[in-house]
Amino acid sequence: MKALVLGDAGGLELRERPMPSARAAADLVVLRILQTGVCGTDRGVLVGKFHAEPGVIMGHESIGVVHEVGSAVSGLRPGDRVVVNPTLYCGRCPNCVRGELNFCQHKAGNEIGIDRDGGFAEYLAIEERFLYRLPPELPDDRAVLIEPLACVLNNLDAARLTPGSRVTVLGAGPIGIVAAMAAAHFGCPVTVLERDEFRRSRAAEVLKGFSPEPEVLATGTPTARSEVVLDTVGSLLEQACDLAADLGTVVIMGFHAEATVQLRPLHILQRGLRIVGAGDYNSLIFPRAIELAARMPLERLVTHRFALDEYEQALRCVGVTATDYSALKVTIEGRLSSPVDA
Ligand SMILES: [Zn+2]
Ligand SMILES: [Zn+2]
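Presented here is an overview of the structure given in this document. (Residues numbered from 1 in each chain as written. Chains lettered and ligands numbered in written order. Predicted model: local features only at pLDDT ≥ 70, side-chain atom pairs only at ≥ 80, totals over all residues. Heavy atoms only, no water.)

### Things to note about the overall build of the chain
Note the threshold: Helix and strand labels come from DSSP, where a helix needs a run of H or I of at least four residues and a strand needs a run of E of at least two; each type is numbered from the N terminus. We compute the radius of gyration from the C-alpha atoms alone; for a globule the expected value is 2.2 Å times N to the 0.38, where N is the number of residues. Using a 1.4 Å probe on the protein chains alone, a residue whose accessible area is under 20% of its type maximum counts as buried, one over 50% counts as exposed, and one in between counts as partly exposed. Should any heavy atoms of two residues lie within 4.5 Å, those residues are counted as being in contact. Per-residue and other accessible areas were derived by the Shrake-Rupley procedure at a 1.4 Å probe size, with only the shown protein chains allowed to occlude residues. Asp and Glu are treated as the negative residues and Lys and Arg as the positive ones, with His and the ends of the chain left uncounted. Charge positions are represented by NZ for Lys, CZ for Arg, CG for Asp and CD for Glu.
Within the chain, the secondary structure is distributed over 10 helices and 15 strands. Expected size for 342 residues packed as a compact globule is a radius of gyration near 20 Å; at 20 Å, the chain falls within 12% of this value. Once the C-alpha set of the chain is aligned to its principal axes, its extents read approximately 65 × 45 × 40 Å. Here the chain holds 342 residues, and the buried ones make up 54% of them. Counting only contacts in the chain whose residues sit at least 6 apart along the sequence, the fraction spanning at least 24 positions is 72%. Approximately 15200 Å² of the chain is accessible, and the part contributed by carbon and sulfur atoms is 50%. Charge-centre separation for the chain: the mean point of 34 positive side chains lies 4 Å from the mean point of 42 negative side chains.

### Considering the coordination of the zinc ion (ligand 1)
Put simply, a metal with four donors set out as a tetrahedron has ideal angles of 109.5 degrees, and one with six donors set out as an octahedron has ideal angles of 90 or 180 degrees. Note the threshold: Metal donors: N, O and S atoms at distances within 2.8 Å, or within 3.2 Å for Na, K and Ca, with water omitted from the atom set so that some sites may seem incomplete.
Only C39 (SG), H60 (NE2) and E61 (OE) from the protein reach the zinc ion (ligand 1) as donors, at distances of 2.1 to 2.6 Å. Spacing between the donor residues of the zinc ion (ligand 1) along the chain follows C-x20-H-E. Highlighted residues: C39 in the loop between β3 (28-37) and α1 (40-46) and E61 in strand β4 (residues 61-69), separated in sequence by 22 residues. Classification of E61 as buried rests on a relative accessible area of 3%.

### Some details on the coordination of the zinc ion (ligand 2)
Taken together, C90 (SG), C93 (SG), C96 (SG) and C104 (SG) make up the full set of protein donors to the zinc ion (ligand 2), lying 2.3 to 2.4 Å away. Read N to C, the donor residues that coordinate the zinc ion (ligand 2) are spaced as C-x2-C-x2-C-x7-C. Considered together, C90 and C93 belong to a single accessibility category, that of buried residues.

### Remarks on a nonpolar patch on the surface
Counted only if it meets this: Here, patches come from residues exposed beyond 30% relative accessible area and free of salt bridges, joined within 9 Å for like charges and within 5 Å for nonpolar side chains (Val, Leu, Ile, Met, Phe, Trp, Tyr). Here, a salt bridge means any side-chain nitrogen of Lys or Arg that lies within 4 Å of a carboxyl oxygen of Asp or Glu.
Taken together, the side chains of I252, V261, L263 and I275 present a nonpolar region at the surface, about 250 Å² in accessible area. Along the chain, the position of L263 falls in the loop between β12 (244-252) and α8 (265-271).

### Side note on the sheet that holds strand β9 (residues 190-193)
Here is the rule: By the convention used here, strands pair only if DSSP detects at least 2 bridges between them. Axes here refer to lines fitted to C-alpha atoms; in helices the fit is confined to the stretch in contact. Angles between the N-to-C directions go from 0 to 180 degrees.
Within the open sheet, the 6 strands sit side by side as β10-β9-β8-β11-β12-β13. Their pairing is parallel. Each edge of the sheet is formed by a strand with only one pairing partner; in this case those strands are β10 (215-217) and β13 (274-277). In this sheet, adjacent strand axes meet at a mean angle of 20° when their direction is disregarded. Bridging between strand β8 (residues 167-170) and strand β11 (residues 226-231) involves 4 bridges; their strand directions are parallel. Pairing of V169 across the sheet is with L230, part of β11.

### Description of unusual backbone geometry
Put simply, S211 and P212 share a cis peptide bond, and its omega is -5°. Locating P212 in the fold gives a position in the loop between α6 (197-206) and β10. Positive phi values are uncommon outside glycine, yet R160 reaches one of about 50°. Along the chain, R160 falls in the loop between α4 (146-158) and β8. The backbone phi angle of L247 is positive, close to 70°, even though this residue is not glycine. Within the secondary structure, L247 is located in strand β12. For L247, a relative accessible area of 73% corresponds to the exposed category.

Encoded structure:
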């Protein structure tokens, strides 16, 4: 099969890889990939801001159709459409046994698309327990955003968001926009701050018609402080604290391995701020994300869809090989643009 692999030089390469087989383990499911979203984390890897294993097949926001099942798979059959939870867990360590699956002690080396083969490929083999069946009425372009929505839900949970809380979202990338959409869905007035003009205008379009309708601005003022501030960029903690109301909560959402900040602990103490890192989502959040997706027009975010061999265009769109953004959510389908005869 064809797959997009992280090369030794740090870029993506289209390579031939052996077709995975469900005979390798009894609980394995082989999926034919429908679509895999290109995530900010993928961009981070490809511009050198986040580590992934050279040689790994990248991509972790995948949906697919069950192609083959191992002998012990009981809940899925060939033809079922599923979404992948890429954050694997062992199920047996002390944290897993307590239900804290997202803090599994054996998580290292187990992140799909980072250090274990992922979804930028024609097929993917993964254990049954990391797959969730999709309702038939959910379109592919919406379902491919369930993984980002799961991530958003996890962070809104961590913020202890209550209906009506004023929310500021820093960054109008796909995660920022999904966060704004979800917070508005929960009845919160939302302000999105984004410096890039293209992203700002696209975010405003996508969020149009929501009630209350989120506002999208270039900069925020501390006069309109929010109860909850989400930093989807991952390097804006100082600004996030400035924009938080007294007793407010700041959630660090964006993955940024190099960012450092300077904060004055006394200000945090005196203003009663809560700074939260929510970690990855717990696998058990997926059923909730699937239910919520039925009521959210997430497909509005998908601006581009490419085949595996069109990956260079995809990378240009997400700002890996170009300096400007020209897309919101870009997805890569698990096929070649013009199938060749074997
Ligand atoms: Zn992601
Ligand atoms: Zn574990």
